Amino acid sequence: MSADGAKPRSLDREGERSGRLSFAAVRYHLTSFGCQMNDHDSERMRGVLEEIGYRESASRDDADLILFNTCTIRGSADDRFMGNLGDAHRVKRERPDVVVAVGGCWAQSQQRMVFEQFPFVDIAFGPGEVARLGELIARERIDSVGAFSFDGAFSGGLPARRDRPHQAWLQISVGCNCVCSYCIVPTVRGRERSRTAREIVEEARGLAADGVREITLLGQNVNAYGRDIPKDERATFAELLGMVAGIDGIERVRYTSPHPKDMREDVIRVMAETPEVCDHLHLPAQSGSTRVLKRMRRTYSRERYLDLVHRLRDAIPDISLTTDLIVGFPGETDEDFAETLSLVREARYDGAYTFIYSPRPGTEAAEEMQDDVPAEVKRERIQALVELVQVTARERAQRFVGSTREVLVEGPSRNDAGRLRGRLSQNITVNFAGTAEPGTFARVSITDATSTTLGGVEVAALAAARG
Ligand code: SAH
Ligand code: SF4
Ligand code: F3S
C-alpha cells in the first residue's frame, strides 16, 4: 500500500529517466476453483493483469487486488469459496484499500446480490466477462462494478500466463445448450457459443510455436462444437481434431468434456486413425440406470451408453475411459444404484469422479424433485462406488505393468524430486527414474501400478544402470 493512502491499484509511472516506461509493482493474488474451464480462464486473468502491470503475490496479505475465480457446481464448492471469501474480508478490514474481485460461476449465479450480501466486494463478474477484467478494475475506482453478460469476447483470445510450458488448454466453445436437470452450468455459463475453426487453428499454431506439445480442446459440451456458427466458419468436431493434430510440433491432442449423445462415428474414427489424438476419453455417464438418466435429462439410456463404450473399445482397443457419476439423485433406488455399480464393472473405467447429488437453486431437479435419498444412504452409496472404482482402476492399470510406453515428460515427480513425472497417451500419470527433458517423450518400462498412478524406469536410463 502506498504511504499517501492513494489507492495502490493506480499505476504509478516510474523510471522515465531511463527513457523506458515501467510501472510500480501492483500485486494481485488469485485463487481459482472449479473445472478446467476455470483453470483456462484463470490463465487468462493472470495474462490480462500482467499485461497491465500487475505481478502475482504469494499471499493475500501482500496483495493490492484479491481475485477469485469461483465455481458453484455443488454446495460444497460454495462452502469452500465462502471460507476463502471470509479470509479476503479479514484482509479488507485490515487494509481497506485492497480491492476484492470475484469472478466466475458463483459470481454469475449471484450477480448483483453479491454486493448486498458481501459489501466488501468491489468487483463481481461472470465467466463471460473475463475479457473486461482490466476495464472493470479501472472503473472500480469510481464505484463497485458488476458485469454478467455472455456476449463479450471469448476468453480464449486473451493473453495468457501459462505455467505449464508444454501443455495448453484451447477453448473451442463456451456455454452449454443441454438441460441436465441437476446442473447449474447452463445458467452460469450461458448458451453454447463456438469459435471459428480458423481462430482455433491459429491459436493452436501459436501455441506450437511457443513450445506447446500437448493441447486439450475445451468446451462444456466440447463435441457439440460448431452448431451455432455459419458452415463456412466451422469444421466438424472430428475435422477440428484432425486439423489441430496435424499442426507441426503438436504431438498430443485431448478434449474434454464430450457428451455421449453427441459422440459421432467420425470422431471415433479420427481418434482411432490419428496417432496424435490421445487414447483417452472422459465420457460422463452420471448414472447406470436408464430411469435415473431419463429424470436427469441426459437423453441416452444405459444401453446406448454401453453401446458407445463398446464401439470405442472396438475402434481403439487400448483406450482408457474415465467418467463422472452422481449418487443420490432424487428418486434413486437401491436398484438404480446397483445399475450404476454394474455400469462401472461393464464399462471398465480407468477412473471416475464421483459426486453426491447436490440440489442447485433454479435447476429443474432442485425445484421440481424431492431430494429424497437420505444423507446416510447417499454416504453409503458413494463409499461403495468409490471402492468399486478403485478396484476397477487398479485392475485396469495392471495392463501397463511389464510394457514399455511413451511418456510425455512434464517435470519432476511431485513426491520425489529425484524422479520424473509424465503422462501416457491414456492420461495416466507415470512417476519414473530417468533423465529425459520436460516436453520430450521418454520410453518408460512400467514396473508397478496403483489405482491412480504408474511407476517405472526410463528405458535408456535402465540400460545405463545395467551397464
Ligand atoms: N460439462 C461437463 C461437466 C459438468 S460439471 C459435462 O457435462 O460433462 C462436472 C460434473 O459435476 C458433472 O459431470 C456431474 O457429474 C457433476 N455435477 C454437476 N451438477 C451436479 C450436482 N448438482 N450435484 C452433484 N454433481 C453434479
Ligand atoms: Fe451440465 Fe449437462 Fe451441460 Fe454437462 S452437459 S454442463 S452436465 S447441463
Ligand atoms: Fe464450476 Fe463453473 Fe466449471 S460451476 S465446474 S467452474 S463451469
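For the structure, see preceding data.
Everything quoted here is computed from the prediction, not taken from an experiment.

(A) Examining the overall build of the protein more closely. Looking only at helices and strands, the protein has 15 helices and 21 strands in total. In terms of overall size, the protein behaves like a compact globule, its C-alpha atoms giving a radius of gyration of 24 Å where 467 residues would be expected to give roughly 23 Å. In terms of its C-alpha atoms, the protein occupies a principal-axis envelope of roughly 65 × 65 × 50 Å. Burial status across the protein gives 55% buried among its 467 residues. In the protein, the share of contacts with a sequence separation of at least 24, taken over all contacts with a separation of at least 6, comes to 70%. Approximately 20,500 Å² of the protein is accessible, and the part contributed by carbon and sulfur atoms is 49%. Put simply, the protein has 63 plus and 71 minus side-chain charges, and the middle of one group is 1 Å from the middle of the other.

(B) Representation of the site of ligand 2 within the structure. Neighbouring ligand 2 are C176, C178, C180, Y182, C183, V185, P186, Q220, H259 and R298. Its residues placed into classes, the shell around ligand 2 shows 7 nonpolar, 2 polar and 1 charged.

(C) Examining the pairing of strand β6 (residues 99-104) more closely. Among the 6 residues that make up β6, 6 are buried, leaving the element largely enclosed by the rest of the structure. Every second residue of β6 is oriented toward a common face, with V99, A101 and G103 on one face and V100, V102 and G104 on the other, all of them buried. You can see the chain leave strand β5 (residues 65-70), run along helix α2 (residues 75-94) and come back into β6, and the turn it takes is right-handed. One ladder, built from 3 bridges, connects β6 with strand β7 (residues 123-125); its direction is parallel. Bridged to A101 within β7 is I123.

(D) Structural detail: the site of ligand 3. Neighbouring ligand 3 are C35, N38, C71, T72, I73, C105, R189 and Q220. Residue classes in the shell around ligand 3 are distributed as 4 nonpolar, 3 polar and 1 charged.

(E) Spotlight on helix α1 (residues 36-51). For α1, built from 16 residues, the straight-helix expectation of 22 Å at 1.5 Å per residue is met to within 8% by its first-to-last C-alpha distance of 23 Å. The element α1 is extensively covered by neighbouring structure, given that 12 of its 16 residues are classed as buried. Along α1, the residues that are buried comprise M37, N38, H40, D41, S42, E43, R44, M45, R46, G47, V48 and L49. Directly beyond the C-terminal end of α1, a positive phi value near 100° is found at G53.

(F) Looking closely at the environment of T404. Relative to the helices and strands, T404 is located in strand β17 (residues 404-412). With 365 residues separating them in the primary sequence, T404 and D39 have C-alpha atoms 32 Å apart.

(G) Spotlight on the nonpolar core. Counting 70 residues, the largest nonpolar core has L217 and Y255 as its most contacted members. For this core, the two domains that each supply at least three residues are domain 2 (162-278) and domain 3 (282-398). When near neighbours in sequence (up to four residues on either side) are disregarded, L217 contacts L170, I172, V222, F237, L241, V244, V253, R254, Y255 and T256.

(H) Here's a closer look at the sheet that holds strand β14 (residues 280-282). With respect to topology, 3 strands assemble into an open sheet ordered β14-β15-β16, the strand pairing being parallel. The open sheet has two edge strands, β14 and β16 (351-356), and neither has a second partner. Between one strand axis and the next, the sheet turns through 10° on average, direction left out of account.

(I) The arrangement of the pattern of salt bridges in detail. As enumerated under the stated definition, the model contains 41 salt bridges in all. When the shortest N-O distance is used, the salt bridge between D262 and K261 registers 2.8 Å. Judged by relative accessible area, which is 7%, D262 ranks as buried. Take K261: its relative accessible area is 29%, and that puts it in the partly exposed class. Connected through salt bridges with shared partners, the residues E214, R252, R254, E410, R421 and R423 form a single ionic network.

(J) Layout of the packing of helix α7 (residues 197-209) against helix α8 (residues 237-245). Put simply, α7 and α8 touch, their axes get as near as 10 Å, and they point 25° apart. Compared by their axis directions, α7 and α8 come out roughly parallel. Here α7 runs over α8; the crossing is right-handed. Across from A197, I200, V201 and A204 in α7, the residues of α8 making contact are L240, M243 and V244. Here the residues of the contact of α7 with α8 sort into 7 nonpolar, no polar and no charged.

(K) Layout of the sheet that holds strand β18 (residues 420-423). Taking strand neighbours around the barrel as the criterion, the 5 strands line up as β17-β18-β19-β21-β20 in a closed arrangement whose pairing is mixed. Along the sheet, successive strands turn relative to each other by an average axial angle of 50°, direction set aside.

(L) Summary view of the packing of α8 against helix α9 (residues 265-273). Two numbers describe how α8 lies on α9: the axes approach to 8 Å, and their chain directions differ by 20°. With respect to their mutual orientation, α8 and α9 come out roughly parallel. Handedness of the crossing formed by α8 with α9: right-handed. For the pair α8 and α9, contact is made by F237, A238, L241 and G242 and by D266, V267 and V270, respectively.

Procedures and definitions
- Residues numbered from 1 in each chain as written.
- Chains lettered and ligands numbered in written order.
- Predicted model: local features only at pLDDT ≥ 70, side-chain atom pairs only at ≥ 80, totals over all residues.
- Heavy atoms only, no water.
- Helix = DSSP H or I, 4+ residues; strand = E, 2+ residues; numbered from the N terminus.
- Rg over C-alpha atoms; globule rule 2.2 N^0.38 Å.
- Buried < 20%, exposed > 50% of the residue type's maximum accessible area, 1.4 Å probe, protein only.
- Contact = heavy atoms within 4.5 Å.
- Areas by Shrake-Rupley, 256 points an atom, 1.4 Å probe, with all protein chains shown as cover.
- Lys, Arg positive; Asp, Glu negative; His and termini not counted.
- Charge placed at Lys NZ, Arg CZ, Asp CG, Glu CD.
- Near = heavy atom within 4 Å.
- Nonpolar A, V, L, I, M, F, W, Y, C, P; charged D, E, K, R; others polar.
- Right-handed = clockwise from strand over helix to strand, strands pointing away.
- Pairing = 2+ DSSP bridges.
- Expected span 1.5 Å × (residues − 1).
- Core = buried A, V, L, I, M, F, W, Y, C linked by side-chain atoms within 4.5 Å.
- Domains from an automatic or database assignment.
- Axes fitted to C-alpha atoms, helices over the stretch in contact; angles between N-to-C directions.
- Salt bridge = Lys/Arg side-chain N within 4 Å of Asp/Glu carboxyl O.
- Parallel < 35°, antiparallel > 145°, perpendicular 65-115°, else oblique.
- Left-handed = near helix turned anticlockwise from the far one by under 90°.

No statement about biological role is implied by the geometric values presented.
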